[in-house]
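Given next are the chains, with one letter for each unit.
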Amino acid sequence: MTDRDPDIGAVLDDLQPPPHRPDFWSDLDMKLAEIGPLADPGAEPDRHEQADDLVAPPVVPLTGAGIEQRRDRRRALVLSGLVAAVLVLVVAVTYGIDRLDRDAVDDRAVATEGSPSSDATAGGDGADPFDIPTTTFVDRPVPDEDLALVENLVLQFLEAIAAGDVDAAAAFVGPVSEQRADEELGGLDALLREAAEGLGAWTAAEGRGVSSVGLEAGLVVVVLEGDLVVEGMPEHRVTALPVRRTESPDRDHFDVPGGWAVEPWADDVESPIVEITTPDIDEEERAVVPFGSIEIEYQVVPRPDGEEVTTWESIDGDAYPPVVVSRPMPIRSVNGAMDDRSVLAFVAWEQGDVVGASAFRIDRPG
């Protein structure tokens with residue numbers, strides 16, 4: 001038949017033959033060798049070897065209606081196949097979107113100016129952990145000179161605590177920590193006196209390191225790491241202190257401009273909004289992670305006031321795009337291999353005025 005349906009022809013022209021597998025030709029040679037030499041295609045066939053009782057099937061001529069019916073049938077089969085393929089694609093995409101449960105989070109991206117946005121979604125209670133995209137980092141929203149000022153502020157705060165200068169130390173404390181101390185922790189002055197053996201011990205820490213990461217224009221996390229003397233024995237410790245820019249006019253103090261203040265008690269230490277579950281962190285704030293990718297998982301439990309929780313994760317001084325969640329759920333990130341290095345990591349969070357952070361050291365085996 002020489003007549004060709006244009007619709008079917010267009011579909012067939014676009015079809016590409018599947019590629020041969022690597023061993024196709026070797027298998028073909030082997031099978032041909034088993035069959036033996038083929039007959040000469042130019043030789044005259046021996047008609048005497050054909051069976052005498054073979055009857056040729058009757059030839060039924062197609063009428064115009066029959067030809068048109070065959071065309072319609074073939075066109076319907078091709079179109080049905082195309083529709084099925086589209087349906088499979090739609091189902092796959094819909095299934096993927098449903099798994100992310102987009103209703104769980106209202107705003108996926110909390111990107112500061114110039115930073116990549118995080119299109120983060122997460123499942124609800126009991127859902128599998130949502131995997132944070134970790135291919136990009138948040139652009140540094142706080143200038144290096146401001147980070148240096150914030151680190152200096154934290155060191156002055158610790159020195160005032162260690163010296164027992166409650167008034168000087170209180171001047172560095174942010175309004176949220178101050179309010180919570182007065183309402184829940186027995187008063188700010190008493191809390192600062194008790195902190196002399198805790199935060200104040202960092203002034204005498206061996207091998208003390210101070211680093212900072214800006215998460216957004218008004219939020220920095222300062223991380224302290226070193227060996228503290230605990231009951232006469234030096235033990236490794238890591239502490240993360242959130243520092244937030246405040247609008248209070250009396251926060252420009254001790255030659256530290258910008259209205260920055262330390263928020264060490266803004267969140268409940270015993271029951272924080274975020275709890276890290278992976279990796280397993282020991283009493284010295286260390287976690288041994290096998291070679292290869294680094295997996296961090298944490299559980300977010302928002303305070304029951306309806307506000308969303310923003311979380312950040314930082315590894316080796318870089319912060320990943322934030323994730324915003326509106327109900328309890330686990331969050332997980334699988335980061336690229338850090339070679340054989342030991343790296344510092346932290347997870348920070350913010351819900352309304354409440355802010356907190358938890359830091360630890362990641363070591364490799366051996």
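Details of the structure are given in the entry above.
Residues numbered from 1 in each chain as written. Predicted model: local features only at pLDDT ≥ 70, side-chain atom pairs only at ≥ 80, totals over all residues. Heavy atoms only, no water.

This next bit is on the overall build of the chain. The helix and strand inventory of the chain stands at seven helices and 14 strands. Across the 366 residues that make up the chain, the buried fraction comes to 37%. For the chain, the share of sequence-separated contacts (at least 6 apart) that also reach a separation of at least 24 residues comes to 65%. (Helix = DSSP H or I, 4+ residues; strand = E, 2+ residues; numbered from the N terminus. Buried < 20%, exposed > 50% of the residue type's maximum accessible area, 1.4 Å probe, protein only. Contact = heavy atoms within 4.5 Å.)

The subject of this paragraph is the pattern of salt bridges. Taken as a whole, this structure holds 10 salt bridges when the rule is applied. Glu225 is the salt-bridge partner of Arg361, the closest N and O atoms lying 2.6 Å from each other. Linking Arg361 in strand β14 (residues 354-363) with Glu225 in strand β3 (residues 219-230), this pair joins segments that are 136 residues apart in sequence. Classification of Glu225 by relative accessible area gives buried; the value is 14%. For Arg237, the salt bridge is made with Glu235, and the minimal N-O distance between the two is 2.8 Å. (Salt bridge = Lys/Arg side-chain N within 4 Å of Asp/Glu carboxyl O.)

Now for the nonpolar core. Ranked by internal contacts, the top residues of the largest apolar core, which has 32 residues, are Val154, Phe157, Leu192, Leu199, Val243 and Trp265. At the level of secondary structure, the elements contributing two or more residues to this core comprise α4 (144-162), α5 (166-170), α7 (188-194), β3, β4 (233-245) and β5 (260-262). The greatest single-element share of this core, amounting to eight residues, is contributed by α4. Leaving out residues up to four positions away in the same chain, Leu192 has contacts with Phe157, Ile161, Val166, Ala169, Ala170, Val173 and Trp265. (Core = buried A, V, L, I, M, F, W, Y, C linked by side-chain atoms within 4.5 Å.)

Time to look at the environment of Ala181. As for its placement among the helices and strands, Ala181 is situated in helix α6 (residues 175-184). When the C-alpha atoms of Ala181 and Leu192 are compared, they prove to be 9.5 Å apart, with 11 residues separating the residues in sequence. Once residues within four sequence positions are removed from consideration, Ala181 is found in contact with Gly186, Gly187, Leu188 and Leu191.

On the surface, Asp165, Asp167, Asp182, Glu183 and Asp189 cluster together to form a negatively charged patch. Residue position: Asp165 is located in the loop between α4 and α5. (Patch = residues over 30% accessible without salt bridge, like charges linked within 9 Å, V, L, I, M, F, W, Y side chains within 5 Å. Areas by Shrake-Rupley, 256 points an atom, 1.4 Å probe, with all protein chains shown as cover. Lys, Arg positive; Asp, Glu negative; His and termini not counted. Charge placed at Lys NZ, Arg CZ, Asp CG, Glu CD.)

Bear in mind that shape data such as this cannot, by itself, settle questions of function.
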